[in-house]
Each structure stands twice: as structure tokens, then as C-alpha cells.
Amino acid sequence: MLESYLIRGLLISLIFGVPAGAIGALTIQRTLNSGFTAGLITGLGSSAADLIYACAGIFGITLVSNFLIQHQRPISLLGGLLIAALGVHIFRQKPQNQQQESNRTKLPFCFASSFAIAVTNPATVLSFLMAFTAFEITGAQTAVQSVQLISGIFLGTLCWWSLLSGVTAIFRSRINHRIYRLLNGVLGCFMLIFGCVVFIKGLFL
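**A short note on the overall build of the protein**
Each helix and strand in the protein was counted, giving ten helices and zero strands. Reading the protein from its N terminus to its C terminus gives the helix and strand order α-α-α-α-α-α-α-α-α-α. When each of the 205 residues of the protein is scored for burial, the buried share is 44%. Counted over contacts in the protein with a minimum sequence separation of 6, partners at least 24 positions apart contribute 88%. Carbon and sulfur atoms make up 71% of the accessible area of the protein, which totals about 10,700 Å².

**Describing a nonpolar patch on the surface**
Together, Leu163, Val167, Ile170 and Phe171 line one region of the surface with nonpolar side chains, adding up to about 380 Å² of accessible area. Of note, Ile170 is situated in helix H9 (residues 143–172).

**Topic: the environment of Gly202**
Residue placement: Gly202 occurs in helix H10 (residues 177–203). Gly202 sits in the buried class, given a relative accessible area of 0%. The spatial distance from the C-alpha of Gly202 to the C-alpha of Leu78 is 9.0 Å, given a sequence separation of 124 residues. Apart from the residues lying within four places of it in its own chain, the contact partners of Gly202 are Arg73, Ser76 and Leu77.

**Quick notes on the confidence of the model for the protein**
Looking at the protein as a whole, the pLDDT averages 77, with 78% of positions reaching at least 70. In the model of the protein, helix H6 (residues 98–104) stands out as the element of lowest mean pLDDT, 47, in contrast to H9, which has the highest, 88. A low-confidence stretch, residues 96–104 (pLDDT under 50), is modelled with eleven contacts involving residues beyond four sequence positions or located in other chains.

**A short note on the packing of aromatic side chains**
Scanning the model with the defined rule gives two aromatic pairs in all. Here the aromatic rings of Phe111 and Phe115 are separated by 6.4 Å at their centres, their planes lie at 5°, and the arrangement is stacked. Residue Phe111 and its partner Phe115 are both found in helix H7 (residues 107–119); the two are separated by four residues, about one turn of the helix. A relative accessible area of 25% places Phe115 in the partly exposed class. Both rings, one in Trp160 and one in Trp161, keep their centres 6.1 Å apart while their planes meet at 50°; by these two values the pair is tilted.

**With respect to the nonpolar core**
Leu26, Ile83, Leu86, Ile117, Trp161 and Met191 are the most contacted members of the largest nonpolar core, which has 15 residues in total. No other element matches helix H2 (residues 21–34), which puts four residues into this core. Setting aside residues up to four positions removed in sequence, Leu86 forms contacts with Leu26, Arg30, Phe109, Ser113, Ile117 and Met191. Ranked by size, the runner-up nonpolar core spans 14 residues in total, among them Ile12, Leu51, Ala131 and Ile153.

**Side note on the packing of H2 against helix H5 (residues 72–92)**
Think of two packed helices as two axes; the pair is described by the angle between the axes and how far apart they sit. Here H2 crosses H5 at 30°, and the two axes come no closer than 12 Å. Classified by the angle between their axes, H2 and H5 sit roughly parallel to one another. Crossing of H2 against H5: the hand is left-handed. Contacts from Ala22, Leu26, Gln29 and Arg30 of H2 reach H5 at Ile83, Leu86 and Ile90. Partitioned by chemical class, the residues of the contact of H2 with H5 number five nonpolar, one polar and one charged.

Reading the values: rules and limits
Residues numbered from 1 in each chain as written. Predicted model: local features only at pLDDT ≥ 70, side-chain atom pairs only at ≥ 80, totals over all residues. Heavy atoms only, no water. Helix = DSSP H or I, 4+ residues; strand = E, 2+ residues; numbered from the N terminus. Buried < 20%, exposed > 50% of the residue type's maximum accessible area, 1.4 Å probe, protein only. Contact = heavy atoms within 4.5 Å. Areas by Shrake-Rupley, 256 points an atom, 1.4 Å probe, with all protein chains shown as cover. Patch = residues over 30% accessible without salt bridge, like charges linked within 9 Å, V, L, I, M, F, W, Y side chains within 5 Å. Salt bridge = Lys/Arg side-chain N within 4 Å of Asp/Glu carboxyl O. pLDDT = per-residue confidence, 0-100. Phe/Tyr/Trp six-rings, centres within 6.5 Å; stacked < 30°, edge-to-face > 60°. Core = buried A, V, L, I, M, F, W, Y, C linked by side-chain atoms within 4.5 Å. Axes fitted to C-alpha atoms, helices over the stretch in contact; angles between N-to-C directions. Parallel < 35°, antiparallel > 145°, perpendicular 65-115°, else oblique. Left-handed = near helix turned anticlockwise from the far one by under 90°. Nonpolar A, V, L, I, M, F, W, Y, C, P; charged D, E, K, R; others polar.

Given below as C-alpha cells:
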């Protein structure tokens with residue numbers, strides 16, 4: 001079974017994609033506020049960043065890997081600030097503005113903001129390199145096997161974000177303004193704290 005590079009890609013994406021973190025919190029919040037599509041697009045922004053890192057590992061793009069590793073500090077600091085800023089925005093969001101927010105939510109912004117958060121995490125490329133080592137992916141695979149591996153990674157992340165957005169959307173109609181305020185507060189605080197941790201860690205890189 002593990003001889004299939006498609007299956008390997010699926011497993012890698014689920015192992016490293018399921019831990020939700022800041023993107024998971026953002027996906028939940030946007031699904032609650034703006035619906036399934038906004039949540040899914042938010043998750044796919046993270047998937048796009050994961051694919052870039054995966055390609056760097058699969059095709060041995062050392063230039064990209066070296067750049068990310070050498071500039072870990074500024075990239076991590078930028079990522080921490082971005083996560084914290086989104087956390088503050090979510091925390092300050094008022095329940096009475098939920099419908100207005102839903103109407104004016106821009107899907108490109110949902111994608112771009114989550115992509116920016118994910119791509120400013122240089123540790124991701126190291127995670128993929130460790131995953132490739134664990135699954136005995138040496139870089140000697142054929143072009144077809146590489147495409148299968150990348151497809152598996154994308155399909156795995158697509159399934160995860162679809163599931164998270166779908167489950168959250170089911171409960172969306174049952175949540176009143178008071179619960180919205182509570183959730184926005186909790187998710188906003190989580191992202192603010194997470195962003196501060198990323199920023200502080202970046203200072204010591």
C-alpha cells in the first residue's frame with residue numbers, strides 16, 4: 001500500500017495537516033461568520049503554501065530551502081505579527097456585524113491571508129523533509145511518482161479543510177450572537193497568543 005506515492009502523499013498531508021493551529025482557528029471563525037466557502041478557501045490558502053514547501057522537498061529545490069532557513073528570523077517575526085493582527089481583528093469583531101461581514105468578505109483575501117500565515121512558517125519545510133525521510137522519499141522518484149505525491153498531499157489537505165469547514169457550517173445556524181461573541185473572543189485570543197509565541201520564538205532563532 002505504501003508503495004503508492006499517492007497514498008504516501010495522503011498520509012503525509014494528514015499527519016502534518018490535521019494539527020489545525022492558527023489556520024484551523026481562522027477557518028472555523030470564517031466559516032461561522034461567512035459560510036462554508038469562506039472557510040474552505042481559507043484552508044486552501046494554507047494548502048497552497050504546503051504544496052510550495054512539499055515541492056521544495058520533492059524536487060530538491062535547495063535554493064528555496066536555504067533561503068527559508070537562512071531567513072527564518074525575519075520570516076517568523078513577520079508571520080507572528082500577521083497572526084497576532086488577525087487575532088486582534090477577530091477579537092474586536094462585533095456580533096451585530098456578522099451579516100455585514102459575511103456580505104463583504106472577499107474570498108481572495110481569505111486565501112491570501114492564510115497563505116501568508118502558512119508560508120511565513122519556515123519550520124514547515126523542515127517538517128516535510130522529516131516526513132519524506134520517514135516515508136523513504138529520497139528524491140529519486142520519477143516525474144509520475146512526484147506528481148502522485150503532490151496530488152496526494154493536496155487531496156489530503158483538501159479533505160481535511162472540507163471536513164473542518166463542513167462540520168463547522170452545520171452548527172453555524174444554531175449559534176446566536178452571544179455565542180458568536182464568545183467564540184470570536186476565544187479564537188481571537190488563541191490567535192493573538194499563538195502569534196506572540198511565534199514572534200518570540202523568532203527572536204531567538
